[in-house]
Amino acid sequence: EDKVVQSPLYLVVHEGDTVTLNCSYEVTNFRSLLWYKQEKKAPTFLFMLTSSGIEKKSGRLSSILDKKELFSILNITATQTGDSAVYLCAVVGNRDDKIIFGKGTRLHILP
Amino acid sequence: DTEVTQTPKHLVMGMTNKKSLKCEQHMGHRAMYWYKQKAKKPPELMFVYSYEKLSINESVPSRFSPECPNSSLLNLHLHALQPEDSALYLCASSQTALKMNTEAFFGQGTRLTVV
């Protein structure tokens, strides 16, 4: 059965710290891995990763995928209170169009 | 335009009511999804439509009935719901597995309360 496991589930840090969020997965015929940020409503797309070892970067956020070890990390540097959110990792297989989510990491940034 | 539009934003309905949730996208995506999300939980997949055909039903009770009238629209018809069906209902769209990889975009959701 396809599954996505995120860790940690909860993380509290001070503003300015750097955080690393983890996502491991098992999926039949892996197609892509997606990272989302969810605050109050809809998940907001952050990154799509399809190839190993290629870092995707957007401002203070970056992510990388390891298809051999079946995991991805999301890094946030110089965290700000606005980074407080749930970060969701999801995988898509080639067998069908399912997007399977992990439980998310709830990140809280203290001022 | 990377927008998925859902209406209504909020809905309160009684257990005997019939209502519909609507979702629209104009990105040319041919896969559309319904997810249900309870508080502090990740989105749970309900249905997937691929090329306007239902491709995945995650054993959802028949009181939820999806419909895809065309490639831009996705509806979720609700009838005889239970209070435990109260949740945020999210619609998403993406290219299908037959096409190039692309992101999946979510609508803002409909917050449903069943009384």
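Before reading further, recall that the structure is shown in the block above.
Because the structure is a prediction, the values reported are computed rather than measured.

Draft legend 1. Up close: the sheet that holds strand β8 (residues 71-76) of chain A. All names here are of chain A. Strands sit in the order β1-β3-β8-β7-β6 across an open sheet of 5 strands; the sheet is antiparallel. Either end of the sheet is taken by a strand with one partner, and the two such strands are β1 (3-7) and β6 (56-58). When the angles between neighbouring strand axes are averaged without regard to direction, this sheet yields 15°. As paired strands, strand β7 (residues 61-66) and β8 are joined by 6 bridges and run antiparallel to one another. Bridging across to β8, Ser63 finds its partner in Leu74.

Draft legend 2. Representation of the environment of B:Ser93 in the model. Residues and elements named next belong to chain B. Among the secondary structure elements, Ser93 is positioned in strand β9 (residues 87-94). With relative accessibility at 0%, the residue Ser93 sits in the buried group. Considered as a pair, Ser93 and Glu3 are 90 residues apart in the sequence and their alpha carbons are 9.5 Å apart. For Ser93, the side chain forms a polar contact with the side chain of His29, separated by 2.8 Å.

Draft legend 3. Here's a closer look at the pattern of salt bridges. For the coordinates displayed, the defined rule picks out 6 salt bridges over all chains. When the shortest N-O distance is used, the salt bridge between A:Arg60 and A:Asp83 registers 2.8 Å. Within this pair, whereas A:Arg60 is found in the loop between β6 and β7, its partner A:Asp83 is found in the loop between β8 and β9 (85-93), the two being separated by 23 residues in sequence. Since its relative accessible area comes to 23%, A:Arg60 is described here as partly exposed. With relative accessibility at 4%, the residue A:Asp83 sits in the buried group. When the shortest N-O distance is used, the salt bridge between B:Glu58 and A:Lys98 registers 3.3 Å. Remark: A:Lys98 occurs in the loop between β9 and β10 (99-101) and B:Glu58 occurs in the loop between β6 (53-57) and β7 (64-70); the pair is interchain, linking two chains.

Draft legend 4. Expanded view of empty space enclosed by the protein. Residue and element names in this part refer to chain A. Enumeration according to the criterion identifies 3 cavities of 30 Å³ or more in this entry. Looking at the second largest cavity, its volume works out to about 40 Å³. Along its surface, the second largest cavity is lined by Asp2, Val27, Thr28, Val91, Val92, Gly93, Arg95, Asp96, Lys98 and Ile100. Among the elements that take part in the lining of the second largest cavity, β9 stands out by supplying 3 residues, more than any other.

Draft legend 5. Local environment of the interface of chain B and chain A. On the chain A side, the residues contacting the 31 residues of chain B number 22 residues. With both chains or domains summed, chain B and chain A bury close to 2100 Å², and 58% of this area falls on carbon and sulfur atoms. Taken together, the links from chain B to chain A amount to 1 salt bridge. Our count for the contact surface shared by chain B and chain A stands at 4 residue pairs in polar contact (both at pLDDT 80 or more). Broken down by element, the residue count for the side of chain B that touches chain A peaks at 4 residues, all from strand β4 (residues 31-37) of chain B. Residue classes in the side of chain B that touches chain A are distributed as 15 nonpolar, 10 polar and 6 charged.

Conventions we followed
- Residues numbered from 1 in each chain as written.
- Chains lettered and ligands numbered in written order.
- Predicted model: local features only at pLDDT ≥ 70, side-chain atom pairs only at ≥ 80, totals over all residues.
- Heavy atoms only, no water.
- Pairing = 2+ DSSP bridges.
- Helix = DSSP H or I, 4+ residues; strand = E, 2+ residues; numbered from the N terminus.
- Axes fitted to C-alpha atoms, helices over the stretch in contact; angles between N-to-C directions.
- Buried < 20%, exposed > 50% of the residue type's maximum accessible area, 1.4 Å probe, protein only.
- Polar contact = N/O pair within 3.5 Å; in protein donor to acceptor, adjacent residues only side chain to side chain.
- Salt bridge = Lys/Arg side-chain N within 4 Å of Asp/Glu carboxyl O.
- 1 Å grid on protein atoms, 1.4 Å probe; cavity = no way out; pocket = protein on both sides within 12 Å on 5 of 7 lines; lining within 4 Å.
- Points joined across faces, edges and corners; volume = space filled by probe spheres on them.
- Contact = heavy atoms within 4.5 Å.
- Buried area = accessible area lost by both parts, 1.4 Å probe.
- Nonpolar A, V, L, I, M, F, W, Y, C, P; charged D, E, K, R; others polar.

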